[in-house]
Amino acid sequence: MKLLHLLRPNLFVGGLILVVMVFVALFAPLIATHDPVLDANLIYAEEPPGLSFLMGTDEQGRDIFSRVVYGARISLTIGLVVQLMNTCIGVALGLSAGYFGGWWDEFVQGLTNLMLSIPTVVFALALMAVLGPGVTSLLIALGMTDWAYSCRISRAQVLSQKSRSYVQAAQTMGYGRLHIMFRELLPNIAGPLVVIATMGIGSAIMAEASLSFLGLGVVPPAPSWGSMLSHAREQLMVSPWIAIFPGVALFLTVLGFNLLGDGLRDLIDPQGKARRA
């Protein structure tokens, strides 16, 4: 019964979607029926979905199903790496600002407010214009733009925790500041950060798709969902399946992360769920 109580609908549905997506990404070479890049044949261009091509083909005769499958690997990898970078930057700044206070806290708060005032995609676009398109540039641009939420949450949690008895006990025992921040405070504030990071992966995947759609993300012919949607614009009225399937995959993946994060938030803070209701 306790296990059934933990399986909240949003947590279960989000987890199920992500398990399927991770499975598809890990075993893409076994699931894909064609090579997503090399198997291009204009004879089969814009074939509708059928037995030969489960999701049809694009304007170059490439199998959309195989490209969507490999696109899951690209999107999940970029989303995880970007959010890991954002979380590390945000938590490091937030922990130090909340613990040390003073001028460093004011500086970090000012920098955080500045980052929150600039839309993530706009800032990433500016960086990508300087760095140029490509996966490496994409990771740098997105990994440096969306850390403000993690920073603000971690700082607020540290301010509420650093006067607790376990922190004072660690100080009395002579532990250094880094030990107290990362071995004492961080484990006790990890819950909200996990929720923010989970939802942030979905945001990172959406940002990657947006930049790829604009031609500044993953370089074609790599099967990125964003670039697939971009190339499907001209054929949208004639061959809508070229845009529908990568769009549905992108929607389900982002929805899965949002549902999982929402479920984790309700699980970690049930009183907060009651207040929101």
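Residues numbered from 1 in each chain as written. Predicted model: local features only at pLDDT ≥ 70, side-chain atom pairs only at ≥ 80, totals over all residues. Heavy atoms only, no water.

The name recorded for the chain in an unreviewed UniProt entry is ABC transporter permease, from Ciceribacter sichuanensis. UniProt annotates the chain under Subcellular location (unreviewed entry) with the comment "Cell membrane". UniProt, in the comment section headed Sequence similarities (unreviewed entry), describes the chain in these words: "Belongs to the binding-protein-dependent transport system permease family." (UniProt positions renumbered as here; feature names shortened; annotations may be inferred.)

Peer 1: What should I look at first to understand the overall build of the chain in this one?
Peer 2: Helix and strand counts for the chain come out as 14 helices and zero strands. Ordered by position in the sequence, the α and β elements of the chain form the string α-α-α-α-α-α-α-α-α-α-α-α-α-α. Summarising its shape, the C-alpha atoms of the chain cover approximately 75 × 55 × 35 Å along the three principal directions. Counting over 277 residues, the chain shows a buried share of 43%. (Helix = DSSP H or I, 4+ residues; strand = E, 2+ residues; numbered from the N terminus. Buried < 20%, exposed > 50% of the residue type's maximum accessible area, 1.4 Å probe, protein only.)

Peer 1: Which parts of the structure should I look at to understand the packing of aromatic side chains?
Peer 2: In this description, an aromatic ring pair is defined by two values, namely the gap between the centres and the angle between the planes. What the rule picks out here adds up to five aromatic pairs. Ring centres of Y99 and F100 lie 5.5 Å apart, and the angle between their planes is 80°; on these two criteria the pair is classed as edge-to-face. Residue classification places F100 among the partly exposed positions, given a relative accessible area of 40%. By the ring-pair criterion, three or more aromatic residues cluster together here, those being W103, W104 and F107. (Phe/Tyr/Trp six-rings, centres within 6.5 Å; stacked < 30°, edge-to-face > 60°.)

Peer 1: Please clarify how the packing of helix 9 (residues 165-172) against helix 10 (residues 177-188) should be interpreted in this entry.
Peer 2: Packed helices, taken two at a time, are described by their axes: the angle between them and the distance between them. Contact pair helix 9 / helix 10: the axes reach a minimum separation of 11 Å and the direction vectors enclose 165°. Judged by the inter-axis angle, helix 9 sits roughly antiparallel to helix 10. Classified by chirality, the crossing of helix 10 by helix 9 is right-handed. Each of Y166, V167, A170 and Q171 in helix 9 lies in contact with helix 10, whose residues at this interface are I180, E184, L185 and N188. A breakdown of the residues in the contact of helix 9 with helix 10 according to their chemical character gives five nonpolar, two polar and one charged. (Axes fitted to C-alpha atoms, helices over the stretch in contact; angles between N-to-C directions. Parallel < 35°, antiparallel > 145°, perpendicular 65-115°, else oblique. Left-handed = near helix turned anticlockwise from the far one by under 90°. Contact = heavy atoms within 4.5 Å. Nonpolar A, V, L, I, M, F, W, Y, C, P; charged D, E, K, R; others polar.)

Peer 1: Could you clarify how one ought to interpret the environment of A141 in this entry?
Peer 2: Looking at the element boundaries, A141 is found in helix 7 (residues 135-143). Separated by 101 residues in the primary sequence, A141 and A40 have C-alpha atoms spaced 32 Å apart. Residues within four places of A141 in sequence aside, it is in contact with A124, L127 and M128.

Peer 1: Explanation requested: the UniProt feature "transmembrane region" (unreviewed entry) in the chain in the structure shown.
Peer 2: Per the UniProt annotation, the sites labelled "transmembrane region" (unreviewed entry) are residues 12-32, 76-101, 121-145, 185-218 and 238-260. Secondary structure content for residues 76-101 is 96% helix and 0% strand, and the end C-alpha separation is 36 Å. Helix makes up 82% of residues 185-218 and strand 0%, and the two end C-alpha atoms of the span are 38 Å apart.

Peer 1: I'm lost on the UniProt feature "domain: ABC transmembrane type-1" (unreviewed entry) in the chain in this one. Help?
Peer 2: Residues annotated by UniProt as "domain: ABC transmembrane type-1" (unreviewed entry) correspond here to residues 72-261. Here residues 72-261 is 80% helix and 0% strand, with 19 Å between the C-alpha atoms at its ends.

Peer 1: What is the right way to look at the pattern of salt bridges in this model?
Peer 2: It is possible for side chains of opposite charge to pair when their charged atoms get near one another. In total, this model carries four salt bridges according to the counting rule given. R67 is paired through a salt bridge with D58; the nearest N and O atoms lie 3.9 Å apart. D58 gets classed as buried once you look at its relative accessible area, which sits at 5%. Ionic pairing is found between D262 and R265, a salt bridge with its closest N-O pair at 2.3 Å. You can see D262 and its partner R265 sitting in helix 13 (residues 241-268), three residues apart, about one turn around the helix. D262 gets classed as partly exposed once you look at its relative accessible area, which sits at 21%. (Salt bridge = Lys/Arg side-chain N within 4 Å of Asp/Glu carboxyl O.)

Peer 1: Help me understand the confidence of the model for the chain, please; the structure alone is not making it clear to me.
Peer 2: When pLDDT is averaged across the chain, the result is 86; 94% of the residues are at 70 or more. Contacts for the low-pLDDT stretch residues 271-277, under 50 throughout, to residues beyond four places or in other chains number five contacts. (pLDDT = per-residue confidence, 0-100.)

Peer 1: Would you mind showing me how to read the layout of surface pockets here?
Peer 2: It is the rolling of a water-molecule-sized probe over the atoms that shows where space remains empty. Approximately 290 Å³ is the volume found for the largest pocket. Taken together, 17 residues make up the lining of the largest pocket; nearest its centre are T120, D146, Y149, G200 and S203. For the lining of the largest pocket, the elements supplying multiple residues, two or more each, are helix 4 (64-100), helix 6 (120-131), helix 8 (148-161) and helix 11 (190-213). Looking at the second largest pocket, the residues that line it are M21, V24, I31, M55, F65, V68, V69, A72, W225, F245, V248 and A249. Of all the secondary structure elements, the ones that give two or more residues to the lining of the second largest pocket are helix 2 (9-26), helix 4 and helix 13. In terms of residues, the lining of the second largest pocket owes the most to one element, helix 4, which gives four residues. Looking at the lining of the second largest pocket, its residues break down into twelve nonpolar, no polar and no charged. (1 Å grid on protein atoms, 1.4 Å probe; cavity = no way out; pocket = protein on both sides within 12 Å on 5 of 7 lines; lining within 4 Å. Points joined across faces, edges and corners; volume = space filled by probe spheres on them.)

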